[in-house]
Amino acid sequence: MRGTRAQTNTGRKEGVNLNKQQKQKKETTIDSYYSPNGTEGERSANDKPEIPANWIQAVEELKTQLREAEDNWEKNLKIKISHLETEALELKQENSVLKAKIIQLENEAKEMKDEAKEMKDEIKRMKDNLQRNSDQKEKDDQKAKDEIQSLRTRVKQLESSDLTRQQDTIRQNKKNEKIEENVKHLIHKTDDLENRSRRDNLRIIGLPEDHDKRKSLDIILEEIIQENCPEILEQEGKVEIERIHRSPPVFNPQLTTPRNVIAKFKNNQIKEQVLQAAKKKPFRYHGNMVRITQDLSASTLKDQKAWNMIFRKARELGLQPRIKYPSKLTIFLQGKVWSFNTTEEFQAFINKRPDLNRKFEVQPQNSRESSKGN
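Residues numbered from 1 in each chain as written. Predicted model: local features only at pLDDT ≥ 70, side-chain atom pairs only at ≥ 80, totals over all residues. Heavy atoms only, no water.

Under an unreviewed UniProt entry, the name given to the chain is L1 transposable element RRM domain-containing protein, and the source organism is Monodelphis domestica.

Spelled out as structure tokens, the structure:
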């Protein structure tokens, strides 16, 4: 290619020295050599050698084969063809170097034939490789299909197993719900039995601890009754106490409030009389305020304690609140008595009454839902 370019430059210098008239007479385009329709007069006018017909056929065959080559071979062929086209255009303008260009093209054509042969061999090798790759791909595809079918079978088995587990879970959930209902029922029954076992008990709240050091608790209780409701002693005589103690039994010096006193009466009627008297007026003992309530189980006391804030607010609003056994709140509103088992029920009730809700402004404490009594 370097020799070709040197010859082209030499031809250009010679062409400059020719005048236009001589150049027009001697000019012969490369198309006349390529075109099969060129006349013999045109070919023999300048005494040019005849280009073999098989050369044109080889070039066309080469172009067809080059299009099928890989990108790297196609790029090289395009560059060479571009050189050929450039040289052909130069031959049209530079008639003086036409012979050298034709010889060069013939030589390049021979080289291209050799390259084309090499390319054929390369294409054959590529086809063989493609065939081997295609066979391998078919094997891989078949293997993938088999694996997909196996996965589908496993998915169906898993779906069937999952459906069985779901059914088992549903049955187990139903059993669990039934067990939870039974547990709630048993808890309610246990609380009810415990509360019934405490029906003869009274809880004394606020009695200072120092009184225990001077007198026994049963004497203190009798003095409380004597001081606040002496008519009970006048009617019944001496109050008989089966058992009385502090709760919890161990004193905690860190507590700022005195422990409660639990008293079990032998006579339930006397206990009820004392309880009703304590509801009518606050009891005092040696100037100290003491409160007497029915003794209940810890869970029932917890449920009743959840009503404390609501109870105080309802009393301020004049709703006449009452806590009924075991932990039900009742209020008197618009000439009707309303009852609620849980603080959530009460909150939903006042939410439906904006005027009452604005007055109340109470966020009820969470409490365990109480079951209805028998």
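Next comes the rest of the account.
Caption draft 1: Local environment of the nonpolar core. Formed by 26 residues in total, the largest nonpolar core has its most connected members in Leu207, Leu221, Ile225, Phe265, Val274, Phe283 and Ile292. When residues of this core are traced back to their parent elements, those giving at least two are strand 1 (201-205), helix 9 (217-228), helix 10 (230-236), strand 2 (241-247), strand 3 (260-265), helix 11 (268-280), strand 4 (283-285) and strand 5 (288-294). Each residue touching phenylalanine 265, except ones within four places of it in the same chain, is listed here: Asp200, Leu202, Leu221, Ile225, Val239, Glu240, Ile241, Ile270 and Lys271. Listed in part, the 13 residues of the second largest apolar core include Ala314, Ile331, Phe349 and Leu356. (Core = buried A, V, L, I, M, F, W, Y, C linked by side-chain atoms within 4.5 Å. Buried < 20%, exposed > 50% of the residue type's maximum accessible area, 1.4 Å probe, protein only. Helix = DSSP H or I, 4+ residues; strand = E, 2+ residues; numbered from the N terminus. Contact = heavy atoms within 4.5 Å.)

Caption draft 2: Just the pattern of salt bridges, in detail. For the coordinates displayed, the defined rule picks out 15 salt bridges. Lysine 137 serves as the salt-bridge partner of aspartate 141, at 3.1 Å between the closest nitrogen and oxygen. Of this pair, aspartate 141 and lysine 137 both sit in helix 7 (residues 98-197), four residues apart, which is roughly one turn of the helix. With a closest N to O distance of 3.7 Å, arginine 165 and aspartate 162 form a salt bridge. With arginine 165 and aspartate 162 both in helix 7 and three residues apart, this pair spans about one turn of that helix. For arginine 165, a relative accessible area of 45% translates into the label partly exposed. (Salt bridge = Lys/Arg side-chain N within 4 Å of Asp/Glu carboxyl O.)

Caption draft 3: Spotlight on the pairing of strand 3. Of all six residues in strand 3, six are buried; the element is thus mostly enclosed. Strand direction decides the pairing type here: strand 1 and strand 3, joined by four bridges, are antiparallel. Note that in strand 3 the partner of asparagine 201 across the bridge is lysine 264. By the bridge criterion, six bridges tie strand 2 to strand 3 in an arrangement that is antiparallel. Following the sheet pairing, serine 247 is matched in strand 3 by asparagine 260. (Pairing = 2+ DSSP bridges.)

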